[in-house]
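Structural description and commentary
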Amino acid sequence: MKKIKYIAVLFAATIIFSSCDFLNDDPQGILSDEQVKGPDQVEGLVTAAYSSLGNDHYDKPFSLWPYGNVRSDDAYKGGNDENDISAFHFYEIAQNIKTDFGEADGLWFYCYKAISRTNTALSVLKTVSTNDVPLRDTRMGEMYFLRGHFYFILKTVFGRIPFVDEDLPIDEYDKVDNKLPNDEQWAWIVSDFQKAYDLLPDKQDQVGRANKIAAAAYLAKANLYKAYRQDDRNNVTEINRTDLEEVLKYTDKVLNSGYGLEYDFAYNFLPGAYQNGKESLFAVQYSIDDGTMFGRLNWGDVLSVPMGVGCCDFHKPSQNLVNAFKTDKTGLPMFDSFDNTNYDSNSNNADPRLFHTVAMPGFPYKYNKDLIYEEGWNRNPTVYGYYASLKENVDPSCDCFVNVAPFYGNSKNRIIIRYADAILMRAEALIELGRPNEALPLINQIRERAQRSTDMIDYAPKLSMSLYQPGVNCAWSTDFARQALRWERRLEFAMEGSRFFDLVRWGITDQVVNSFFKTESSRRPFLKSGNFTKNKNEYIPIPQQQINFVNGIYKQNYGW
């Protein structure tokens, strides 16, 4: 972790400025401890930590599309071919993965850079009083929230990670190992969100700042992951009931907070006035015309724009995912037979969320009836097919769509955690606690919203969506409820970067991904070499560069 030891000083140079006669000034760009301490610097340090949310890059994206979607059955890497960002292709097929991939090293570095910023802000906040900084406790809560968020990213991607806090001197960072047991690592992240929850107000005056409800949702999420205890080989050994009760406690806070589901599913993925709606518990705030060259754009997702409107056609929905949206004659998912045949809009019924998630030839692109998505928009359909991802993209006619040649970015917010997640986390906890009947109305609440999300897709054919009605169209048991819950999470959050991590949490990644390789390779031959190795591929390896920087005190993930 030597790469981040000096970040606290380096980043401060970007937020604290001085001018005057340079002959009489201290050297610029080198700041003393006194210059970054004190009440006058607090807001700048906090702002710098928030800015980390958007300081990712297209090959180091915080949306985690290569790690949470492409490694699962939801998406293909896309791009020109398998060699276009080849590291992501190797993650995709779970083969030829090296410990020295620069993309993984960069993601690790970017996350710890953000954590260093939160620690610097916290260390300064601890030196001031509420008389000097009236919002001191709130700002501390925000920093614990952001730190927990970046640790959550690292934990889900890399598995074994080191933890450093605001009380540890920077020159001690590279002496901290990553050998805490899995549940203790999750306990650390839970602790950060607990501190955030205890300190944050229910509401914030400024859009984009974390509040108590966002902290409650993330606290529930961290406890849910913690509940699925894993051994050193990534096997799920138990589902802890105490942790699940914590999930119920904090999802209850969210569900009774005044937030709620958007009336239409589409509203979560539109720019402008739709942003920061009632379902958005916490989102990255992007912008244009803010005095910078291009604006504060979503650089992490610029690659997913199809070639017909931009570049570069990465992050492509899989045929398996599209097929999963099919519904039977009763309007329910086709759990066992969904992938027997490919979705055909002329003959198959579909869940409305398909048309909000996947761009398909012959239908409007991002709800624009004057802009029909064409087969020719695909960069290499022979390899990656004809679908494109919609949620992170915008209608090109929007002034939020910016040419940053050769890419096209946008300033639409990216929601990190939304109200629907709290509903389904609660349902999952109830099912695993043996209370499936209490989960039924929660799952149906999500399905009911999906059912009515048709106003913006009146062009979509054969939409069919039903609620679960025990004794009428299903037999609602614990096993069936678990299957329904897991299916609902896939469709609700498809292409949002969480599918692979759900599979790892449930301990079924090898079953699902290897089955996907077997069937999907007949459609996409590049997947024929895919093979997921249980007890290894659940996490990518700790970057060798980082192990070298700390003289080998990090323990590499099992199997690597």
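In the block above lies the structure referred to throughout.
Before going into details, it helps to say that this report is about the structure given with it. (Residues numbered from 1 in each chain as written. Predicted model: local features only at pLDDT ≥ 70, side-chain atom pairs only at ≥ 80, totals over all residues. Heavy atoms only, no water.)

Glancing now at the overall build of the protein. Summing up its helical and strand segments, the protein has 18 helices and 14 strands in all. Taken against the 2.2 N^0.38 rule, which gives 24 Å for 560 residues, the C-alpha radius of gyration of the protein at 23 Å falls within 12% of a compact globule. Here the C-alpha coordinates of the protein stretch approximately 75 × 50 × 45 Å along the principal axes. Considering only intrachain contacts with a sequence separation of at least 6, the fraction spanning at least 24 residues in the protein is 72%. Entry remark: accessible area of the protein is about 21,100 Å², with carbon and sulfur atoms responsible for 47%. Once the 61 positive and 74 negative side-chain charges of the protein are each reduced to a mean point, those two points are 5 Å apart. (Helix = DSSP H or I, 4+ residues; strand = E, 2+ residues; numbered from the N terminus. Rg over C-alpha atoms; globule rule 2.2 N^0.38 Å. Contact = heavy atoms within 4.5 Å. Areas by Shrake-Rupley, 256 points an atom, 1.4 Å probe, with all protein chains shown as cover. Lys, Arg positive; Asp, Glu negative; His and termini not counted. Charge placed at Lys NZ, Arg CZ, Asp CG, Glu CD.)

Right, let's talk about the side chain of R426 for a bit. The topology assignment puts R426 in helix 13 (residues 419-432). Buried and unpaired, R426 has D252 as its nearest opposite-charge partner, separated by 4.4 Å. Residue contacts for R426: discarding those within four places in its chain leaves L248, T251, D252, L255 and L442. (Buried < 20%, exposed > 50% of the residue type's maximum accessible area, 1.4 Å probe, protein only. Salt bridge = Lys/Arg side-chain N within 4 Å of Asp/Glu carboxyl O.)

Moving on, we come to the packing of helix 5 (residues 102-125) against helix 6 (residues 136-158). Following both chains from N to C, one finds helix 5 and helix 6 inclined at 160°, their axes separated by 9 Å at the closest point. With respect to helix 6, the element helix 5 is oriented roughly antiparallel. As helix 5 packs across helix 6, the resulting crossing turns out to be left-handed. In terms of residue class, the contact of helix 5 with helix 6 is built from 20 nonpolar, 2 polar and 3 charged. (Axes fitted to C-alpha atoms, helices over the stretch in contact; angles between N-to-C directions. Parallel < 35°, antiparallel > 145°, perpendicular 65-115°, else oblique. Left-handed = near helix turned anticlockwise from the far one by under 90°. Nonpolar A, V, L, I, M, F, W, Y, C, P; charged D, E, K, R; others polar.)

Look at helix 15 (residues 478-492): 21 Å from first C-alpha to last across 15 residues, which is about the 21 Å you get at 1.5 Å a residue. Among all positions in helix 15, only F480, A481, A484, L485, R486, W487, E488, R489, R490, L491 and E492 are buried. Elements in contact with the buried residues of helix 15: helix 10 (319-324), strand 14 (414-418), helix 13, helix 14 (436-452) and helix 16 (499-506). (Expected span 1.5 Å × (residues − 1).)

Moving on, we come to the environment of V284. On the secondary structure map, V284 appears in strand 4 (residues 280-284). Look at V284 and you get buried, because its relative accessible area is 2%. Distance in space between the C-alpha atoms of V284 and S411 is 9.8 Å, their sequence separation being 127 residues. Every residue in contact with V284, bar those within four places of it in the chain, is listed here: L53, G54, N413, R414 and I416.

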